[in-house]
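# Summary of the model geometry
Chain by chain, the residues run as shown.
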2 protein chains.
Amino acid sequence: MNSNRYCVIMAGGIGSRFWPMSRQSCPKQFLDILGTGRSFIRHTYERFAKIIPNENFIVVTNRRYKQQVLEHIPELSEEQILCEPIGRNTAPCIAYAAYTLKQKNPNAEMIVSPADHLILNENEFIRVLESSLEFISKNSALMTIGITPTRPETGYGYIQRTTNDTISAVKCFTEKPNREMAQAFLDCGEFLWNSGIFIWRLADIIAAFEKYLPEHSALFGAIERKLGTEAEAEAIELVFSQCKSISIDYGVMEKADNVYVHSGDFGWSDVGTWGSVYQQSRKDRYANVLNGSTIQTYNTRNSLISLPKDKVAVVSGLKDYIIVDTDDVLMICPKDEEQNIKSFIEDVKYVTGDKHI
Amino acid sequence: MNSNRYCVIMAGGIGSRFWPMSRQSCPKQFLDILGTGRSFIRHTYERFAKIIPNENFIVVTNRRYKQQVLEHIPELSEEQILCEPIGRNTAPCIAYAAYTLKQKNPNAEMIVSPADHLILNENEFIRVLESSLEFISKNSALMTIGITPTRPETGYGYIQRTTNDTISAVKCFTEKPNREMAQAFLDCGEFLWNSGIFIWRLADIIAAFEKYLPEHSALFGAIERKLGTEAEAEAIELVFSQCKSISIDYGVMEKADNVYVHSGDFGWSDVGTWGSVYQQSRKDRYANVLNGSTIQTYNTRNSLISLPKDKVAVVSGLKDYIIVDTDDVLMICPKDEEQNIKSFIEDVKYVTGDKHI
């Protein structure tokens, strides 16, 4: 494998949208919400391990998840896990990885990927990655992967491209659209879903930080000699306390003039909501998704039921519900109200403190 | 206290209607479904202990529940627990207690009561009992307590009396009526709910067994000398394997000509269904009954939610549901479908065997 290629896995999320299954102590990336037998982060690692040597992985996560990352990916050594003291969105996360890599290999080519997405067609995904890596090796490009949309999804950001070529310069990034806008995006053909997966040369992203996020660049640049040393933790603590929270999309990708998108169609989902888990999962003949060893349903349709191992459920008379039972929390909620989960969490926190969060 | 007075508590039920909270291993009489702090059988014992000496209690139960009875009523000694090898309805249960008492005290006066009913006004209940005991001490009467009905309940049997006096001869017993019939019973004023609580002299019930259930009388009479000895268990095993399953109402009370009913109004319920638990329990302002330390409801009305200790629930968008969560079973069911619980149990049993039953 090409020893200049690195994969940075961003794994700092707390995944509150999958409460009560996800917890602050065990967020989505460490869960197997779809019942595949492997956690999201394990799938992500295995996917990239086909083209990236083990020693070229970097996982950026909150420091409280360091041990969990090592448990899920025992192939990595401790120094490959970069620990954020607090979450500051994707730009500081990527800067931390980039300035760390700068010390190790100035010729690095970086793939940056979330830890918790679903990709069904891995061969096609690898093909798109290889094609992207080839492009950035020849062009000073900040490349993102855009997913060919299949429905007017309102839960994703979109990327408008300038041409319909497989690789195209980007016209603009847009936030999550409303329903009408999403339909227009789908019909128009110029728009792709923003996957949050990036490919670039280290030199190009460092240059972009210097140009578009000079404060971040200065903060990380000032401590780059300490990265990989005993002084790293203290220095990073200070940098994260000082640097602004900002996404790489907003801070760099929307501003830079060398941004390209590679279109892809490999069965991708960010699996960001219980609704998307429902969509991605196999249904029974009543269109229910049942994750549990013994779930008896009666007059129940279009619902997702998730139980702890060995628990039995009898569910009668529910249509379009999400039922998630864990050892200490039971949630029953209509599917179209799952955006309320955050307020459920706040309310439970108000009553019981952090115990069940 | 009068040392001729005995209380026989019938505690052999398996209480499948409260599944998944009640189990074959822990039926309703040992549960505190209403959250009062005491089990039904403990409440029953304490209620009668005001007028019955400890040594004059007899509990008839299935042998597998003997230890549980002793745990809930440690005031009783082991020989006060009569163990049925199999359930044969109330007539054999009462015969077993009656023929046992015959060996101990031929002058006994018996109160017979289910272990799992709710009585809110205990003082009034005791007053009715005392009045009944006084009546049977002077009359050769098989007395039952009839509850003044307050609604056209279709879940109870009814007793038609010949007069509206507090104590009246009984015209007839009727099975559970349909809705129209129940309304007619309520309007007519002659009908009382059948509480299943009986008061009689031992001599009178023995005479009634001899006359109306001669086979049962012969079976128990043949082994009466063995009761209270080491030979009891084996003898009872044989008797129960031979005697017909029949209720005391059908076998004796509907046939005898010395049956009287004492009317009573002391806040009684047999708490036979989740619906009656809902009725008997304190509601919150959304008419929900919440048994659990932390239950957050949203847009949820007229529902009963019961959780294990320390579990948290978030329930949104349910109207008129029963939600019972135990450590190993979750049941969600519309309130008006709770008669299906028996088929739920059969279905779960089919899949998992007896494990969760």
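For the structure, see preceding data.
## Examining the overall build of chain A
Regarding its fold elements, chain A presents eleven helices and 17 strands. Its C-alpha radius of gyration of 21 Å places chain A within 12% of the 21 Å reference for a compact globule of 357 residues. In terms of principal-axis extent, the alpha carbons of chain A reach across some 60 × 50 × 35 Å. Expressed as a percentage of the 357 residues in chain A, the buried residues total 57%. Contacts spanning at least 24 positions in sequence make up 67% of the contacts within chain A whose residues lie at least 6 apart. Of the roughly 14900 Å² that chain A leaves accessible, carbon and sulfur atoms contribute 46%. Across chain A, 38 positive and 45 negative side-chain charges occur, with their mean positions spaced 2 Å apart.

## Notes on the sheet that holds strand 16 (residues 321-325) of chain B
Spatially, the six strands line up as an open sheet ordered 13(A)-15(A)-17(B)-16(B)-14(B)-12(B), and their pairing is mixed. What marks the edges here is a single partner per strand, and that holds for strand 13 (294-298) of chain A together with strand 12 (289-291) of chain B. Each strand axis lies, on average, 5° off the axis of its neighbour in the sheet, ignoring direction. Relative to strand 17 (residues 329-334) of chain B, strand 16 of chain B is paired through five bridges, and the arrangement is antiparallel. In the sheet register, Ile322 of chain B faces strand 17 of chain B, and the bridge partner there is Cys333 of chain B.

## Focus: the packing of aromatic side chains
What characterises a pair of aromatic rings is the spacing of the ring centres plus the angle enclosed by the ring planes. Residues and elements named next belong to chain A. In the structure shown here, the tally under the stated rule is 34 aromatic pairs over all chains. Taking the centre distance of 5.2 Å and the plane angle of 55° together, the rings of Phe135 and Tyr260 count as tilted. Here Phe135 is found in helix 4 (residues 122-138), whereas its partner Tyr260 is found in strand 10 (residues 259-264), with 125 residues between them in sequence. Among the residues examined, Phe135 registers a relative accessible area of 18% and is labelled buried. Taken together, Tyr96, Tyr99, Phe220 and Phe240 form an aromatic cluster joined through their ring pairs.

## Re the pattern of salt bridges
Overall, the coordinates contain 44 salt bridges over all chains when judged by the stated rule. Close ionic contact of Asp320 of chain B with Lys335 of chain B constitutes a salt bridge, the shortest N to O distance being 3.8 Å. One end of the pair, Asp320 of chain B, is in the loop between strand 15 (312-316) and strand 16; the other, Lys335 of chain B, is in the loop between strand 17 and helix 11 (341-352), and 15 residues separate them in sequence. On the accessibility criterion, Lys335 of chain B (18% relative accessible area) is buried. Taken together, the salt bridges that share partners define one network made up of Arg38, Arg42, Glu46 and Glu75 of chain A.

## Regarding the sheet that holds strand 17 (residues 329-334) of chain A
If you walk across this open sheet you meet the six strands as 12(A)-14(A)-16(A)-17(A)-15(B)-13(B), and the pairing is mixed. Strands with a single pairing partner mark the edges of an open sheet, and in this sheet they are strand 12 (289-291) of chain A together with strand 13 (294-298) of chain B. Sheet twist, expressed as the average angle between the axes of neighbouring strands with direction ignored, equals 5°. In the sheet, strand 17 of chain A pairs with strand 15 of chain B via four bridges, with the strands oriented parallel. Of the residues in strand 15 of chain B, the one forming a bridge with Val329 of chain A is Val312 of chain B.

## With respect to the layout of surface pockets
Residues and elements named next belong to chain A. Of the pockets and cavities examined, the second largest pocket occupies roughly 1400 Å³. Contributing to the lining of the second largest pocket are 46 residues, with Arg17, Asn89, Thr90, Pro114 and His117 lying nearest its centre. Those elements that provide at least two residues to the lining of the second largest pocket are strand 2 (57-62), helix 3 (90-104), strand 8 (167-174), strand 9 (191-201) and helix 9 (248-253). Per-element tally for the lining of the second largest pocket: the top contributor is strand 9, with four residues. Here the lining of the second largest pocket is composed, by residue class, of 15 nonpolar, 19 polar and twelve charged.

## A short note on unusual backbone geometry
Residues and elements named next belong to chain A. Here the residue pair Trp19 and Pro20 is connected by a cis peptide bond, since its omega of 5° sits within 30 degrees of zero. Relative to the elements of secondary structure, Pro20 occurs in the loop between strand 1 (5-10) and helix 1 (40-48). A positive phi angle, close to 70°, is found at Asn89, a residue other than glycine. Relative to the helices and strands, Asn89 is located in the loop between strand 3 (81-84) and helix 3. When its relative accessible area of 42% is taken as the criterion, Asn89 is described as partly exposed.

## A look at the packing of helix 3 (residues 90-104) of chain B against helix 7 (residues 214-222) of chain B
Residue and element names in this part refer to chain B. Their axes nearest at 10 Å, the elements helix 3 and helix 7 cross at an angle of 40°. When the axis of helix 3 is compared with that of helix 7, the two are oblique. Note on packing geometry: the crossing formed by helix 3 with helix 7 is right-handed. Counted together, Pro92, Ala95, Tyr96 and Tyr99 of helix 3 and His216, Ser217, Phe220 and Gly221 of helix 7 form the full contact between these two elements.

## Considering helix 6 (residues 202-212) of chain A
Along an α-helix, residues three or four apart share an orientation, since each turn contains 3.6 residues. Listed in full, the buried residues belonging to helix 6 of chain A are Leu202, Asp204, Ile205, Ile206, Ala208, Phe209 and Tyr212 of chain A. In this structure, the buried side of helix 6 of chain A is in contact with helix 3, strand 4 (109-114), strand 6 (142-147), strand 9, helix 7 (214-222) and helix 9 of chain A.

## Notes on the interface of chain A and chain B
Taken together, the contact between chain A and chain B spans 34 residues of the former and 34 residues of the latter. Here chain A and chain B share an interface that buries about 2600 Å² over both sides, 59% of which is from carbon and sulfur atoms. On the chain A side of the interface with chain B, the three residues burying the most area are Val314, Leu330 and Ile332 of chain A, jointly 23% of the side's total. Our count for the contact surface shared by chain A and chain B stands at two salt bridges. Between Lys311 of chain B and Asp325 of chain A there is a salt bridge, with its nearest N and O atoms 2.4 Å apart. At the junction of chain A with chain B, the criterion picks out 20 residue pairs in polar contact (both at pLDDT 80 or more). Elements with a minimum of two residues in the side of chain A that touches chain B: strand 13, strand 15 (312-316), strand 16 (321-325), strand 17 and helix 11 (341-352) of chain A.

What counts, and at which threshold
- Sequence order sets the numbering: in each chain, residues are counted from 1 along the sequence as written.
- To label them, take the chains in the order written and letter them from A, then take the ligands in the order written and number them from 1.
- With pLDDT at 70 or above as the cut-off, local features in this predicted model cover only qualifying residues; side-chain atom pairs require 80 or more to be listed or tallied, and sums for whole chains, interfaces and linings still use all residues.
- The basis for every side-chain value is the complete set of non-hydrogen atoms in the structure, without hydrogens or water.
- Elements are defined by DSSP. Helices are runs of H or I of four residues or more, strands are runs of E of two residues or more, and each kind is numbered from the N terminus.
- Put simply, the radius of gyration uses C-alpha atoms, and a globule should come to 2.2 Å times the residue count raised to 0.38.
- The classification of residues rests on relative accessible area computed with a 1.4 Å probe and restricted to protein chains. Under 20% of the type maximum is buried, over 50% is exposed, and intermediate values are partly exposed.
- Between two residues, a contact is recorded if the distance between any of their heavy atoms is within 4.5 Å.
- Note that accessible areas follow from Shrake-Rupley with a 1.4 Å probe, and for residues the cover is restricted to the protein chains shown.
- This count recognises Lys and Arg as positive and Asp and Glu as negative, with His and chain-terminal groups excluded.
- For charged residues, the charge sits on one atom: NZ in Lys, CZ in Arg, CG in Asp, CD in Glu.
- At least two DSSP bridges between two strands are required for those strands to pair.
- Axes here mean lines fitted to C-alpha atoms, for a helix over just the part in contact, with angles spanning 0 to 180 degrees between N-to-C directions.
- Only the six-membered ring of Trp is used, alongside the rings of Phe and Tyr, when aromatic pairs are assigned; centres must lie within 6.5 Å, and planes under 30 degrees apart are stacked while those over 60 apart are edge-to-face, with the rest tilted.
- Criterion for a salt bridge: a side-chain nitrogen of Lys or Arg within 4 Å of a carboxyl oxygen of Asp or Glu.
- Cavities and pockets are found on a 1 Å grid laid over the protein atoms alone: a cavity is a set of points where a 1.4 Å probe fits but cannot escape, a pocket is an open set with protein on both sides within 12 Å along at least five of seven lines, and a lining residue has an atom within 4 Å of such a point.
- Grid points are joined across faces, edges and corners, and a volume is the space filled by probe spheres set on the points.
- Side-chain classes are defined by residue name, with Ala, Val, Leu, Ile, Met, Phe, Trp, Tyr, Cys and Pro counting as nonpolar, Asp, Glu, Lys and Arg as charged, and the others, Gly among them, as polar.
- An angle counts as roughly parallel when it lies under 35 degrees, as roughly antiparallel when it exceeds 145, as roughly perpendicular when it falls between 65 and 115, and as oblique in every other case.
- Crossings are classed by handedness, with left-handed meaning an anticlockwise turn of the near helix from the far one by less than a right angle and right-handed meaning a clockwise turn.
- A 1.4 Å probe defines the accessible area here, and the buried area is the portion of it lost by two parts on being joined, summed over both.
- The term polar contact refers here to a pair of N or O atoms within 3.5 Å; inside protein, the definition further demands a hydrogen-donor-capable atom paired with an acceptor-capable atom, and it admits residues adjacent in sequence only when both atoms are side-chain atoms.

In short, geometric facts, not functional conclusions.
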